[in-house]
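# Summary of structural features
Spelled out from the first residue to the last, the chains are:
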Amino acid sequence: MRTGLPFALPDMRIGLLGGSFDPAHEGHVTITEAAMRQFRLDRVWWLVSPGNPLKAHGPAPMAQRIAHARRMLTDPRVVVTDIEQRLGTRKTADTIAALRRIYPGVRFVWLMGSDNLVQFHRWDRWRDIAATVPIGVLARPGSQTPARRSKAAQAMARARLPLAEAGTLALRQPPTWVLVNLPMSRQSSTALRAGR
Ligand SMILES: Nc1ncnc2c1ncn2[C@@H]1O[C@H](COP(=O)(O)OP(=O)(O)OP(=O)(O)O)[C@@H](O)[C@H]1O
Ligand SMILES: O=C(O)c1ccc[n+]([C@@H]2O[C@H](COP(=O)([O-])O)[C@@H](O)[C@H]2O)c1
């Protein structure tokens, strides 16, 4: 094991919440708790991104974002990590491929808010991501309908699990995904940066 990487055992169910976390807020905590419960996860790792490949402006320094994110959390099952910086990956497809090599047997689930599903088809190799890990989508106010109609949702329509089966998501063979509707939070990093 390389230094500075989080600990995991084979068969653990680990949710990966990638984000800029610039800054982390209550919305991130709310969807993490919902994901943990609904998908029966053992851990959630917050992957604090060195920089979203689709965002033109770089975020605040990594150390600052990590320190703030850790202050938001009380649940020891949630781990804040700069693993993408350590691995030298920025694109999600590369991060997931690296994690699967480093942690054989771990059952990773990719987590995202429904606003990210709307633009998921613009991510590099998004079909490979969907074919590699189960995806848990958490509703975000204002984006549920666009998410349901999104190009990626349409393309993956047959792989969508009913909510009643969300608890089995981590054990399913990808492509597989589920959209969870509750609870919802209106928080956003953009609003916090704007002082709202
Ligand atoms: N309130 C929320 N409800 C549901 N999902 C959320 C919420 N806030 C953030 N997320 C999800 O968390 C992940 C990381 O989000 P991110 O760090 O970009 O925060 P953000 O509030 O969306 O930031 P920004 O406003 O700068 O875009 C993304 O998958 C995003 O969809
Ligand atoms: O790999 C990509 O092409 C890609 C494009 C856009 C976003 N992502 C990832 O999506 C996650 C959410 O990003 P953000 O900036 O909306 O918090 C974060 O882990 C990004 O690295 C990944």
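Residues numbered from 1 in each chain as written. Chains lettered and ligands numbered in written order. Predicted model: local features only at pLDDT ≥ 70, side-chain atom pairs only at ≥ 80, totals over all residues.

Along its length, the protein carries nine helices and six strands. For 196 residues, the compact-globule estimate of 2.2 N^0.38 gives 16 Å, and the protein sits close to it at 15 Å. Summarising its shape, the C-alpha atoms of the protein cover approximately 40 × 40 × 30 Å along the three principal directions. Sequence-distant contacts in the protein: of pairs separated by 6 or more residues, those separated by 24 or more amount to 77%. (Helix = DSSP H or I, 4+ residues; strand = E, 2+ residues; numbered from the N terminus. Rg over C-alpha atoms; globule rule 2.2 N^0.38 Å. Contact = placed C-beta atoms within 7 Å.)

Ordered by their spatial adjacency, six strands build an open sheet running β3-β2-β1-β4-β5-β6, and the pairing between neighbours is parallel. Lying at the two open borders of the sheet, with one neighbouring strand each, are β3 (78–81) and β6 (177–180). Going across the sheet, the axis of each strand differs from the next one's by a mean of 25°, ignoring polarity. Here strand β2 (residues 43–48) pairs with β3 via four bridges, running parallel. In the sheet register, Val44 faces β3, and the bridge partner there is Val78. Along the sheet, helix α1 (residues 26–38) makes contact with β1 (13–19), β2, β3, β4 (107–113), β5 (135–138) and β6, crossing β1 at roughly 155°. Helix α2 (residues 62–72) rests against β2 and β3 of the sheet, and its axis sits at about 150° to β2. (Pairing = 2+ DSSP bridges. Axes fitted to C-alpha atoms, helices over the stretch in contact; angles between N-to-C directions.)

What follows concerns the nonpolar core. The biggest cluster of nonpolar side chains holds 48 residues, and the ones touching the most others in it are Leu16, Trp46, Val109, Trp110 and Val137. If we ignore the near neighbours within four places in the chain, the residues touching Val137 are Met112, Ser114, Leu117, Ala147, Trp177, Val178, Leu179 and Val180. (Core = buried A, V, L, I, M, F, W, Y, C linked by C-beta atoms within 7 Å. Buried ≥ 20, exposed ≤ 12 C-beta atoms within 10 Å, placed from the backbone.)

A few words now on unusual backbone geometry. Here Asp22 and Pro23 are connected by a cis peptide whose omega angle stands at 0°. Note that the residue after Pro174, namely Pro175, is joined by a cis bond; omega there is 0°. Tracing the backbone shows Pro175 in the loop between α8 (151–155) and β6. Of note, Asp11 is a non-glycine position whose phi angle comes to about 75°, a positive value. Under the C-beta neighbour-count criterion, Asp11 is labelled exposed, with 11 such atoms within 10 Å. In this structure, Arg40 takes a positive phi of about 50° despite not being glycine. Positionally, Arg40 belongs in the loop between α1 and β2. By C-beta crowding, Arg40 is classed as partly exposed, having 15 other C-beta atoms within 10 Å.

As a further point, take the site of ligand 1. Near ligand 1, the surroundings consist of 19 residues, among which Gly19, Gly27, Gly113, Ser189 and Thr190 are the closest. Looking at the shell around ligand 1, the elements with two or more residues in it are β1, α1, β4, α5 (114–118) and α9 (189–193). Looking at the shell around ligand 1, the element that brings in the most residues is α1, giving three residues. Across the shell around ligand 1, the residue classes tally to five nonpolar, 11 polar and three charged. (Near = placed C-beta within 6 Å. Nonpolar A, V, L, I, M, F, W, Y, C, P; charged D, E, K, R; others polar.)

Another point: the site of ligand 2. Taken together, 15 residues sit near ligand 2, with Gly18, Gly19, Asn52, Lys91 and Trp123 positioned nearest. Put simply, the parts of the chain that give the shell around ligand 2 at least two residues each are β1 and α4 (92–102). Grouping the amino acids of the shell around ligand 2 by side-chain chemistry returns five nonpolar, seven polar and three charged.

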